Amino acid sequence: MIYNKKVSIIIPTYNEEKYLPYCLESISNLNYPVKDIEVIVVDNGSTDSTRATAERYGVRVLRDDSLNVSGLRNLGVTQSTGDIITFVDADCIVSKEWLNKASIYFCDLCVAAWGSPPSPPMDSTWVQKTWFLIRQKENQVQDVDWLESMNLFVRREQFIAVGGFNKSLVTCEDVDFSYRLRKYGRIVSDSRIEVIHLGEAATVKEFMKKEIWRGRSNLKGVFNHGLVMKEIPSLIIPLYFGILLPTFLFVSMIFLDLKWLILLVFLYMLPSFGVILKIRAKKMRLGDLLRLMFLIQIYFLSRTIALVKRN
């Protein structure tokens, strides 16, 4: 393994006393030279025991009550000293070999960022297991368009070169960051760089709430990094479900024509079939497919609401 790079682990927090001990405990058990690990918790003014927990583990703690999560991560980087910067969320736990597996890319200058989608916990609900079918990649190692900031590695000089995360984005900051970073090299997902997300939405209600929140900065991010063709479906979906389909429903109710109703049902299901077609290479049982179809409807509804509910 490659042990000649110092790694700065940046963890943004706000009232994370529930999960932060598990996160820091997993980091303390990493199979990697302790002298080459720097952990920085950047707190957003927690009112619980978050900072006390971090201090108990002996990690560096910064505080800024005015910043969003993008700003917290940027602040952590400015105060860090590592050659490699990695971001992990406070409700995540890392595998013992997390840094070892990530280290194979430390000197690969063709790769600008690397990591993998965090896995759901072992005792996952059906919601967590089903939605991971969307997020997990087909191959153990593959190029991707973007990586989630819950498990993201980047070199310091390239992070600085792109200006870090966009502080004006409340959500989708990792998508925007990855798109801007791609000019420096590939974005690689490697499932061996394993992280488990304990805070993944466990119920339909939580899933819907999180997706409404995640959709808030979708359009704003496009204006920042420029339109990417693969983003078009996510931009169209809210308009599709919020304007086009209600219009067809209104027309079908006026004319009471079966052809209009059939067309409406077809148009409603079309995006869902498109998603299923996109992930057809993933092996799914019928039950998984039906549950996924249901969650996709919730996702589309949530992203449509997010377009209207901007605050």
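Shown above is the structure to which this text applies.
So, how was this worked out
The residue numbering used here restarts from 1 in each chain and proceeds along that chain's sequence as written. For this predicted model, a pLDDT threshold of at least 70 governs which residues receive local features, and a threshold of 80 or more governs which side-chain atom pairs are given and counted, while totals over whole chains, interfaces and linings are taken from all residues. Side-chain numbers come from the whole structure's heavy atoms, not from hydrogens or water. Each residue is assigned to one of three classes by its accessible area relative to the maximum for its type, calculated with a 1.4 Å probe on protein chains only: buried under 20%, partly exposed between the two thresholds, exposed over 50%. A run of DSSP states H or I qualifies as a helix once it reaches four residues; a run of E qualifies as a strand once it reaches two. Both are numbered from the N-terminal end. In short, DSSP must find at least two bridges between two strands for them to pair. The reported arc concerns the directions from the helix axis to the C-beta atoms and nothing else. Residue contacts are defined here by distance: any two heavy atoms, one from each residue, within 4.5 Å place the two residues in contact. Inter-axis angles, ranging from 0 to 180 degrees, are taken between N-to-C directions of lines fitted to C-alpha atoms, where helices are fitted over the stretch in contact. Throughout, right-handed denotes a crossover for which the path from the first strand over the helix to the second runs clockwise when the strands point away from the viewer. Residues grouped as a nonpolar core are buried Ala, Val, Leu, Ile, Met, Phe, Trp, Tyr and Cys residues, joined through side-chain atoms within 4.5 Å. What makes a patch is a set of residues exposed beyond 30% relative accessible area and free of salt bridges, joined within 9 Å when like-charged and within 5 Å when nonpolar (Val, Leu, Ile, Met, Phe, Trp, Tyr). Here, Shrake-Rupley sampling with a 1.4 Å probe gives the accessible areas, and only protein chains in the shown set may cover a residue. Salt bridges are defined as contacts in which a side-chain nitrogen from Lys or Arg sits within 4 Å of a carboxyl oxygen from Asp or Glu. For this analysis, a ring pair means two rings from Phe, Tyr or Trp (six-membered ring only for Trp) whose centres lie within 6.5 Å, classed as stacked if their planes differ by under 30 degrees, edge-to-face if by over 60, and tilted for the remaining angles. In this scheme, the term charge over a ring applies when either NZ of a lysine or CZ of an arginine sits within 6 Å of the ring centre and within 35 degrees of the ring normal.

Novice: Any chance you could explain the pairing of strand β4 (residues 84–88) here in plain terms?
Specialist: Along any regular strand, the residues point their side chains to alternate faces of the sheet. β4 sits mainly inside the fold: 5 of its 5 residues count as buried. Across the two faces of β4 the burial is the same, with I84, T86 and V88 and I85 and F87 all buried. Note: strand β1 (residues 7–13) against β4, 4 bridges, orientation parallel. Looking across to β4, one finds that V7 is bridged to I84. Inspection of the sheet shows β4 paired to strand β8 (residues 151–155) by 5 bridges, in the antiparallel sense. From the neighbouring strand, T86 faces β8, where its bridge partner is F153.

Novice: So what exactly am I meant to see when it comes to helix α1 (residues 20–28) here?
Specialist: Each α-helix winds once per 3.6 residues, and so residues spaced three or four apart point in a common direction. By the burial criterion, the buried members of α1 are L20, C23, L24, S26 and I27. Projected down its long axis, α1 carries its buried residues within an arc of 155°, all on one side. Against the buried residues of α1 lie β1, β2 (37–43), α2 (50–56) and β5 (92–94).

Novice: Please clarify how the sheet that holds strand β3 (residues 60–63) should be interpreted in this entry.
Specialist: One key point about sheets: their strands pair by backbone hydrogen bonds, in either a parallel or an antiparallel sense. Strand order in the open sheet made by the 8 strands is β3-β2-β1-β4-β8-β6-β9-β7, with mixed pairing throughout. Edge positions in the sheet fall to β3 and β7 (141–143), since each has one partner strand and no second. Between one strand and the next, the sheet's axes are offset by a mean angle of 25°, whatever the strand orientation. Packing against the sheet, helix α7 (residues 173–181) makes contact with β6 (111–115), β8 and β9 (186–190), and its axis sits at approximately 35° to β8.

Novice: Help me out: how do you make sense of the pairing of β1 in this one?
Specialist: Burial runs high along β1: 7 of the 7 residues are buried. Across the two faces of β1 the burial is the same, with V7, I9, I11 and T13 and S8, I10 and P12 all buried. What joins β1 to β2 is α1, and the crossover it makes is right-handed.

Novice: Just checking my understanding: could you explain the nonpolar core for this structure?
Specialist: Across soluble globular proteins, nonpolar side chains show a tendency to be buried alongside one another. Core analysis: the largest hydrophobic core is formed by 31 residues, its most contacted members being I9, I11, L24, I27, W98, W114 and F153. Where this core is concerned, the elements lending two or more residues are β1, α1, β2, β4, β5, α4 (98–102) and β6. The greatest single-element share of this core, amounting to 4 residues, is contributed by α1. Ranked by size, the runner-up nonpolar core spans 20 residues in total, among them I40, L72, V144 and V154.

Novice: It is not clear to me how a nonpolar patch on the surface should be interpreted in this structure. Could you clarify?
Specialist: Together, L258, L261 and I262 make up a nonpolar patch on the protein surface, roughly 290 Å² of accessible area in all. Along the polypeptide, I262 turns up in helix α11 (residues 258–278). On the accessibility criterion, I262 (52% relative accessible area) is exposed.

Novice: How should unusual backbone geometry be read in this particular structure?
Specialist: Excluding glycine, residues mostly have negative phi values, and the peptide bonds linking residues are mostly trans. For N15, which is not glycine, the phi torsion reads 50° and is therefore positive. Within the secondary structure, N15 is located in the loop between β1 and α1. Owing to a relative accessible area of 29%, N15 belongs among the partly exposed residues under this scheme. Of note, the phi angle at C172 is positive, near 60°, even though the residue is not glycine. Mapped onto the fold, C172 is located in the loop between α6 (156–161) and α7.

Novice: Quick question: what am I supposed to make of helix α5 (residues 126–135) here?
Specialist: The buried fraction of α5 is high, at 7 of 10 residues. Taken as a whole, α5 has its buried residues at V127, Q128, T130, W131, F132, L133 and R135.

Novice: Sorry, what's going on with the packing of aromatic side chains here?
Specialist: Within a pair of aromatic rings, the relevant descriptors are the distance that separates the centres and the angle that separates the planes. Taken as a whole and judged by the stated rule, the model has 13 aromatic pairs. Relative to Y299, the ring of W131 lies with its centre 5.4 Å away and its plane at 35°, an arrangement referred to as tilted. One end of the pair, W131, is in helix α5; the other, Y299, is in helix α12 (residues 286–308), with 168 residues separating them in the sequence. On the accessibility criterion, W131 (9% relative accessible area) is buried. Clustering of aromatic rings is evident, with ring pairs tying together W98, Y105, F106, W114 and F153. The lysine or arginine in question, R73, covers the ring of F165, its NZ or CZ lying 5.3 Å from the ring centre.

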